[in-house]
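# Structural overview for review
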Amino acid sequence: MSTQEIVWTVPDSLYRELSWAKEELAFPDLRDFISQAVQRRLAELRHEAWQREFRHLQQSVATTGGFGLGDTKDEVITNLREIRREIFEAEYAHLY
Amino acid sequence: MRICIDSNQFIFGISGSDAASEELMLLLPYLEVVLPRLILKEVTRNLSTSQVKALYTLFNQAAHVAIIDEPVPVDLVAKYVRFNLPQKADAVIGAFAEWQEVTHLISDNRHFLAELQTTAFEVISPNEFLRRFYKKEISYG
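Treat the numbers as computed from the prediction; the structure is a model and nothing was measured. (Residues numbered from 1 in each chain as written. Chains lettered and ligands numbered in written order. Predicted model: local features only at pLDDT ≥ 70, side-chain atom pairs only at ≥ 80, totals over all residues.)

## Here's the deal with the overall build of chain B
Applicable threshold: Each helix is a run of H or I in the DSSP string that is no shorter than four residues. Each strand is a run of E no shorter than two, and both are numbered from the N terminus. Our radius of gyration is a C-alpha quantity, and the globule rule it is checked against amounts to 2.2 Å times the number of residues to the power 0.38. Note on contacts: residues are paired as contacts if their backbone-placed C-beta atoms lie within 7 Å.
Looking only at helices and strands, one finds 8 helices and 5 strands in chain B. Taken from N to C terminus, the helices and strands of chain B fall in the order β-α-α-β-α-α-β-α-α-β-α-β-α. Relative to the compact-globule value of 14 Å for 141 residues, chain B shows a C-alpha radius of gyration of 14 Å, a close match. Oriented by its inertia axes, the alpha-carbon framework of chain B measures out at about 40 × 35 × 25 Å. For chain B, long-range pairs separated by at least 24 residues make up 61% of all intrachain contacts whose partners lie at least 6 apart in sequence.

## Details of the domain arrangement of chain A
Our working definition: All the domain ranges listed were derived from an automatic or database domain assignment.
With domains assigned, chain A is organised as domain 1 (8-65) and domain 2 (67-96). Measuring from the centre of the C-alpha atoms in domain 1 of chain A to the corresponding centre in domain 2 of chain A gives 41 Å.

## Points about the confidence of the model for chain B
Quick reminder of the rule: By definition, pLDDT measures how confident the predictor is in each residue, and it falls between 0 and 100.
Taken residue by residue, chain B gives an average pLDDT of 92. The fraction at 70 or more is 97%. On the interface metric, ipTM, the complex scores 0.89, and its pTM is 0.87.

## Some words on the interface of chain B and chain A
How big an interface is tends to be reported as the loss of accessible area on association of its parts. The line we're drawing: Amino acid classes used here: Ala, Val, Leu, Ile, Met, Phe, Trp, Tyr, Cys and Pro are nonpolar; Asp, Glu, Lys and Arg are charged; the rest, including Gly, are polar.
Taken residue by residue, the interface counts 32 residues in chain B and 28 residues in chain A. Mapped onto the side of chain B that touches chain A, the elements with two or more residues apiece are helix H1 (7-15), helix H2 (19-26), helix H3 (37-44), helix H4 (49-61), helix H5 (74-81) and helix H6 (88-99) of chain B. Looking at the side of chain B that touches chain A element by element, the count peaks at 6 residues for H4(B). Of the residues contributing to the side of chain B that touches chain A, the split by class is 16 nonpolar, 11 polar and 5 charged.

## So, the pairing of strand S1 (residues 2-5) of chain B
All names here are of chain B. Cut-off, in case you're wondering: What makes two strands pair is DSSP finding at least two bridges between them.
The sheet contact formed by S1 and strand S2 (residues 32-36) spans 2 bridges and is parallel. Following the sheet pairing, Ile-3 is matched in S2 by Val-33. In this sheet, strand S4 (residues 104-106) lies alongside S1 in parallel orientation, the contact comprising 3 bridges. The residue bridging Cys-4 from the neighbouring strand is Leu-105, located in S4.

## Here's the deal with the nonpolar core
Within soluble globular proteins, side chains that are nonpolar generally end up buried alongside one another. This is how the line gets drawn: For the purposes of this analysis, a nonpolar core is taken to be any set of buried Ala, Val, Leu, Ile, Met, Phe, Trp, Tyr and Cys residues that are connected through C-beta atoms within 7 Å. For the exposure call, what matters is how many other C-beta atoms sit within 10 Å of a residue's own: 20 or more marks it buried, 12 or fewer exposed, and in between partly exposed, using C-beta atoms placed from the backbone.
Core analysis: the largest hydrophobic core is formed by 48 residues, its most contacted members being B:Cys4, B:Ile5, B:Ile11, B:Val33 and B:Val92. Counting residues per element, this core draws most heavily on H6(B), which supplies 7 residues. Residue contributions to this core reach at least three from each of two domains, namely domain 1 (8-65) and domain 2 (67-96) of chain A.

## A word on the sheet that holds S4(B)
Residue and element names in this part refer to chain B. The test is simple: Angular values range over 0 to 180 degrees, each being the angle between N-to-C directions of two axes fitted as lines to C-alpha atoms, with helices fitted over their stretch in contact.
One open sheet holds the 5 strands; their spatial order is S3-S2-S1-S4-S5, and the pairing between them is parallel. Both edges of this open sheet fall to strand S3 (65-68) and strand S5 (122-124), since each of them pairs with a single strand only. With direction set aside, neighbouring strand axes in the sheet form an average angle of 30°.

## Focus on unusual backbone geometry
Glycine aside, residues mostly have negative phi angles, and peptide bonds mostly take the trans form. Of note, the phi angle at A:Ala26 is positive, near 60°, even though the residue is not glycine. If you trace the backbone, A:Ala26 turns up in the loop between helix H1 (12-24) and helix H2 (30-63). The class of A:Ala26 is exposed, set by 7 C-beta atoms lying within 10 Å. The backbone of B:Glu101 sits at a positive phi, close to 55°, despite the residue not being glycine. Its place among the elements puts B:Glu101 in the loop between H6 and S4.

## A look at the packing of H5(B) against H6(B)
All names here are of chain B. The cut-off we apply is this: The scheme is simple: roughly parallel for angles under 35 degrees, roughly antiparallel for over 145, roughly perpendicular for 65 to 115, oblique for anything else. Left-handed is the label given to a crossing in which the near helix is rotated counterclockwise from the far helix by less than a right angle, and right-handed is the label when the rotation is clockwise.
Relative orientation of the contacting elements H5 and H6 amounts to 120°, with a least axis distance of 8 Å. It follows from the interaxial angle that H5 and H6 lie oblique. Remark: the crossing between H5 and H6 carries right-handed chirality. Between H5, through Leu-76, Val-77, Lys-79, Tyr-80 and Val-81, and H6, the contact on the second element is made entirely by Lys-88, Ala-91, Val-92, Gly-94, Ala-95, Glu-98 and Trp-99.

What follows is the structure, encoded as structure tokens:
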């Protein structure tokens, strides 16, 4: 793995907080602690972006009238079962 | 822990008509999920081209969601046909779940919930899945 050495100047107060957190969470050194914190935050940001895109899809589907499969859960499941049967008969039945 | 999610969960989750299904969707990036192409075809049938693209983009961005195109082995399908499920297509979904070694198939399909009794995997509702997930009885992917 290639690495990049950096010099990072931080306020004393932040350094004290980082050092305290490192001790409390039993990390061997500050580098490990900061690396994991950054990785975790990046994962959170990716998940937040994913959720935003999911909400956009929800809005888009709602705006265009939904899936058109019925108003109740039972209606939706009944219609989905019919769709499953149609797709299966058209595209998969010959395999089985 | 690997799971399979039935098409009804995507419909309820995307339409926002069921809180548990919607929450399940929002957890997708944290889960290891395998989906047969048949389920995706059911979900996307009534979506526009741009909505289908958006859905596939979401799947691509979820690191542990895999869509399987390979046909399910015939002998496994025959095994699930013997469970007397109402449709052969349901048997294919059951056989897919066993073939892909999932631990749970999440569905609101009452035929699955009532009739698909197998030791290979467990069929559970989204509410039950979430209860176990948050109790950490089901772990991250």
